[in-house]
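Below, each chain spelled out in residue letters.
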Amino acid sequence: MNIRDDFSAETLSLGDDEVHVWRVDLNAAAASPSQWEQVLSPDERERTARFRFEKDRLHFSAARSWLRMVLGRYLGSAPGTLRFRYAEKGKPSLDPSQEANRLTFNISHSGGVALFAFTRGREVGIDVEGIRRNFDTEAIARRFFSAAEQARLSDLPADERPEAFFRCWTRKEAYIKARGEGLSLPLHQFDVSIGVGDQNALLATRPDPGEASLWSLSNLEAGRDFAAAIAIAGSGWKAQPPPGQMGSHFCAMICTLRPSAREKSKD
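All of these numbers come straight from a predicted model, not from anything done at the bench. (Residues numbered from 1 in each chain as written. Predicted model: local features only at pLDDT ≥ 70, side-chain atom pairs only at ≥ 80, totals over all residues. Heavy atoms only, no water.)

Q: So what exactly am I meant to see when it comes to the pattern of salt bridges here?
A: Where charged atoms from two side chains of opposite charge come close, those side chains can pair. This structure, assessed with the given rule, holds 13 salt bridges. Across the pair D225 and R133 runs a salt bridge, and its minimum N-O distance is 3.7 Å. Of this pair, D225 sits in the loop between β9 (215-220) and β10 (226-233) while R133 sits in the loop between β6 (124-130) and α5 (137-144), placing them 92 residues apart in sequence. Note that E211 and R179 form a salt bridge whose closest N and O atoms lie 3.6 Å from each other. Placement of the pair is E211 in the loop between β8 (202-205) and β9 and R179 in helix α7 (residues 161-179), with a sequence separation of 32 residues. Taking relative accessible area as the criterion, R179 reaches 27% and is therefore assigned partly exposed. Through salt bridges with shared partners, one network takes in E44, R64 and R68. (Salt bridge = Lys/Arg side-chain N within 4 Å of Asp/Glu carboxyl O. Helix = DSSP H or I, 4+ residues; strand = E, 2+ residues; numbered from the N terminus. Buried < 20%, exposed > 50% of the residue type's maximum accessible area, 1.4 Å probe, protein only.)

Q: Help me understand the side chain of T119, please; the structure alone is not making it clear to me.
A: Its location among the elements puts T119 in strand β5 (residues 113-120). Under the relative-accessibility criterion, T119 is labelled buried at 0%. Aside from chain neighbours lying at most four places away, what touches T119 is L14, E18, V19, R102, L103, T104 and V124. (Contact = heavy atoms within 4.5 Å.)

Q: Help me understand the environment of S61 in this model?
A: As for its position among the elements, S61 is in helix α4 (residues 54-75). Ignoring any residue separated from it by four or fewer positions in sequence, one finds S61 in contact with W36, E37, L40 and T48. A polar contact of 2.9 Å, which involves the side chain of S61, links it to the backbone oxygen of R57. There is a polar contact of 3.2 Å between the side chain of S61 and the backbone oxygen of L58. (Polar contact = N/O pair within 3.5 Å; in protein donor to acceptor, adjacent residues only side chain to side chain.)

Q: Which parts of the structure should I look at to understand the sheet that holds strand β4 (residues 103-110)?
A: In a beta sheet, neighbouring strands are held together by backbone hydrogen bonds and run either parallel or antiparallel to one another. If you trace the 5 strands from one edge of the open sheet to the other, you get β4-β5-β1-β12-β11, paired in antiparallel fashion. Each edge of the sheet is formed by a strand with only one pairing partner; in this case those strands are β4 and β11 (237-240). Mean inter-strand twist for the sheet, computed between neighbouring axes without regard to direction, equals 20°. Sheet topology note: the strand β1 (residues 19-25)/β5 ladder contains 6 bridges and is antiparallel. The residue of β5 that forms the bridge with D25 is V113. (Pairing = 2+ DSSP bridges. Axes fitted to C-alpha atoms, helices over the stretch in contact; angles between N-to-C directions.)

Q: What am I meant to see in the pairing of β10 here?
A: In the case of a regular strand, side chains alternate between the two sheet surfaces. Within β10, 7 of the 8 residues are buried, leaving the element largely enclosed by the surrounding structure. Note: β6 against β10, 7 bridges, orientation antiparallel. Paired with G130 across the strands is F226, a residue of β10. The sheet contact formed by β9 and β10 spans 6 bridges and is antiparallel. The partner of N219 across the bridge, within β10, is A229.

Q: Could you clarify how one ought to interpret the packing of aromatic side chains in this entry?
A: Ring pairs (aromatic) are described by centroid distance and by the angle formed between their planes. Using the criterion set out here, one finds 14 aromatic pairs in the structure. Ring geometry for Y74 versus F118: centroids 5.0 Å apart, planes at 45°, classification tilted. Of the two residues, Y74 is situated in helix α4 and F118 in strand β5; the sequence distance between them amounts to 44 residues. Aromatic side chains F145 and W169 sit 6.4 Å apart centroid to centroid with 45° between the ring planes, which places their arrangement in the tilted category. With F145 in the loop between α5 and α6 (147-154) and W169 in helix α7, this pair connects stretches of sequence that are 24 residues apart. For the pair formed by F145 and W169, the shared burial category is buried. One aromatic cluster is present, built from ring pairs that chain together F135, F144, F145, F165, F166 and W169. The side chain of R132 reaches across the aromatic face of F135, ending 5.7 Å from its centre. In this structure, K172 packs its charged tip against the face of F190, placed 3.9 Å from the ring centre. (Phe/Tyr/Trp six-rings, centres within 6.5 Å; stacked < 30°, edge-to-face > 60°. Lys NZ or Arg CZ within 6 Å of the ring centre and 35° of its normal.)

Q: I would appreciate a short explanation of the packing of helix α3 (residues 42-49) against α4 in the present structure.
A: To describe two helices that pack against each other, one gives the angle between their axes and the distance between the axes. Interhelical geometry of α3 versus α4 gives an angle of 160° and a closest axis separation of 8 Å. In this view, α3 runs roughly antiparallel relative to α4, as classed from their interaxial angle. Classified by chirality, the crossing of α4 by α3 is right-handed. Every residue of α4 that contacts α3 at E44, R47, T48 and A49 is listed here: R57, F60, S61, R64 and R68. Looking at the contact of α3 with α4 residue by residue, the classes come out as 2 nonpolar, 2 polar and 5 charged. (Parallel < 35°, antiparallel > 145°, perpendicular 65-115°, else oblique. Left-handed = near helix turned anticlockwise from the far one by under 90°. Nonpolar A, V, L, I, M, F, W, Y, C, P; charged D, E, K, R; others polar.)

Given below as structure tokens:
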């Protein structure tokens, strides 16, 4: 299968008041690496080669290749010509020479699924994790969750804790990725909700309580046995279905987020 047969080269439109979220089935994409690996940069090829297991190499290279191909459609540029830079804590962004369109993005992949988020002129963070059930959720929560999050988790029946744990984990990861601070932002200094489908999931921030009102943090549907979340600078962002079928059978837009009419009126 040729990439161009399955993924249109038509330029994609992205409004200033939109966030687009894409999902890639990395297992399906990895079946034909020769079709997309050519778009990787030399440093990405070097990073790919460092993985010990072939599955991890294929998933990483597929995620980076398809990130380039989707970005290329927004920018009207060939995927292989895109250049990235990395912040001190590793957050990727477009090279300054390609920033004129103000496009920002974030990427996450886990267990055969990758998620991409694209927007303009604002910070965004996204995270996806495969849900695992054979580990001590409470022990890990004691290391990384706030006291309030630990209490909410321990109040749940034992069989509900694994999914709630990963809802909490992905929401915290999405927020710190949006902030671009990595684990230098202590995870106990903010609280997120752990409920299913919570749309205002950033409950409290410390030491500045007003910080919580500056962000939207919400759940994403990434597929069975996956938890995912997205954090966007600004309040009142809500997910909507994409405008028609966008993408291929294994790389497709899954939702568009827009601010509420009330929030747009504040701009």
